[in-house]
Amino acid sequence: MGILDRQIYKEIEWHLYHYFDLKREVKEYREKVLNSSTPLFGKVGEGQSYHSDSTAIKALMLAKPPKEIEEYEKWFTIIEKTIQKFKNTDKEKLLQLIYFDEEGREYIQKRLHIERATYFHWKDEIILYIALLAAQENLIKV
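Residues numbered from 1 in each chain as written. Predicted model: local features only at pLDDT ≥ 70, side-chain atom pairs only at ≥ 80, totals over all residues. Heavy atoms only, no water.

J.: Would you take a moment to explain the packing of aromatic side chains for this structure?
T.: Geometry of an aromatic ring pair is reported as the spacing of the ring centres plus the angle between the planes. Enumeration according to the criterion identifies 7 aromatic pairs in this entry. Both rings, one in Phe86 and one in Tyr129, keep their centres 5.8 Å apart while their planes meet at 75°; by these two values the pair is edge-to-face. On the criterion of sequence distance, the pair formed by Phe86 in the loop between helix 4 (67-85) and helix 5 (90-100) and Tyr129 in helix 7 (residues 116-136) is long-range, its members being 43 residues apart. Judged by relative accessible area, Phe86 falls into the buried class, the value being 6%. By the ring-pair criterion, three or more aromatic residues cluster together here, those being Tyr19, Phe20, Phe76 and Phe100. Of note, Lys85 hangs over the ring of Phe86, and the distance from its end group to the ring centre comes to 5.6 Å. (Phe/Tyr/Trp six-rings, centres within 6.5 Å; stacked < 30°, edge-to-face > 60°. Helix = DSSP H or I, 4+ residues; strand = E, 2+ residues; numbered from the N terminus. Buried < 20%, exposed > 50% of the residue type's maximum accessible area, 1.4 Å probe, protein only. Lys NZ or Arg CZ within 6 Å of the ring centre and 35° of its normal.)

Here it is in structure tokens:
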């Protein structure tokens with residue numbers, strides 16, 4: 001694709017291919033936070049005074065997750081918006097077959113009754129749409 005750098009194209013595809021793995025990772029992070037016993041706060045004043053409010057600490061950790069988790073969640077939103085945009089079309093089926101089912105190009109072409117050029121045109125259109133949404137969220141620099 002001529003509009004996007006190859007690196008950006010590959011980054012978008014990486015997030016598509018790993019969508020379900022990353023969703024599971026974020027879910028596991030949230031469950032770990034919810035099920036963990038939280039450490040105590042450090043010293044306050046001259047003496048040694050420890051304060052602990054495990055519920056508040058967990059709420060803070062969930063409200064302000066690590067930057068990586070925040071970024072993944074932005075990608076999830078973008079991918080879900082893309083799925084919604086192409087809902088009930090052959091492009092949604094293409095997206096599903098390529099990135100989620102990981103089927104081969106020839107199989108997809110036969111299944112959707114499309115030519116090679118159409119396959120790549122639709123794929124590029126999907127990736128470009130995602131790139132525009134990702135640029136709005138400052139996830140990529142176009």
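Now that the structure has been shown, the text picks up again.
J.: Help me understand the packing of helix 5 against helix 7 in this model?
T.: Packed helices, taken two at a time, are described by the angle their axes make and the gap between the axes. Where helix 5 meets helix 7, the closest approach of the two axes is 10 Å, and the angle between their N-to-C directions is 90°. The angle between helix 5 and helix 7 places the two elements in the roughly perpendicular class. Between helix 5 and helix 7, the residues in contact are Asp90, Lys91, Leu94, Leu95, Ile98 and Tyr99 and Tyr119, Trp122, Lys123, Glu125, Ile126 and Ile127, respectively. Its residues assigned to classes, the contact of helix 5 with helix 7 comprises 8 nonpolar, no polar and 4 charged. (Axes fitted to C-alpha atoms, helices over the stretch in contact; angles between N-to-C directions. Parallel < 35°, antiparallel > 145°, perpendicular 65-115°, else oblique. Contact = heavy atoms within 4.5 Å. Nonpolar A, V, L, I, M, F, W, Y, C, P; charged D, E, K, R; others polar.)

J.: What is the right way to read the pattern of salt bridges from this model?
T.: Two side chains carrying opposite charge are able to pair once their charged atoms lie near each other. On inspection of all chains with the given rule, the structure shows 7 salt bridges. Between Lys27 and Glu31 there is a salt bridge, with the nearest N and O atoms lying 3.9 Å from each other. Taken together, the residues Lys27 and Glu31, both in helix 2 (residues 19-35) and 4 residues apart, mark about one turn of the helix. The shortest N-O distance in the salt bridge between Glu125 and Lys91 comes to 2.8 Å. A residue pair is termed long-range when its members are at least 10 positions apart, and Glu125 in helix 7 and Lys91 in helix 5 qualify at 34 residues. We classify Lys91 as buried; its relative accessible area is 17%. Bridged by salt links that share partners, the residues Lys10, Glu13 and Lys123 form one connected network. (Salt bridge = Lys/Arg side-chain N within 4 Å of Asp/Glu carboxyl O.)

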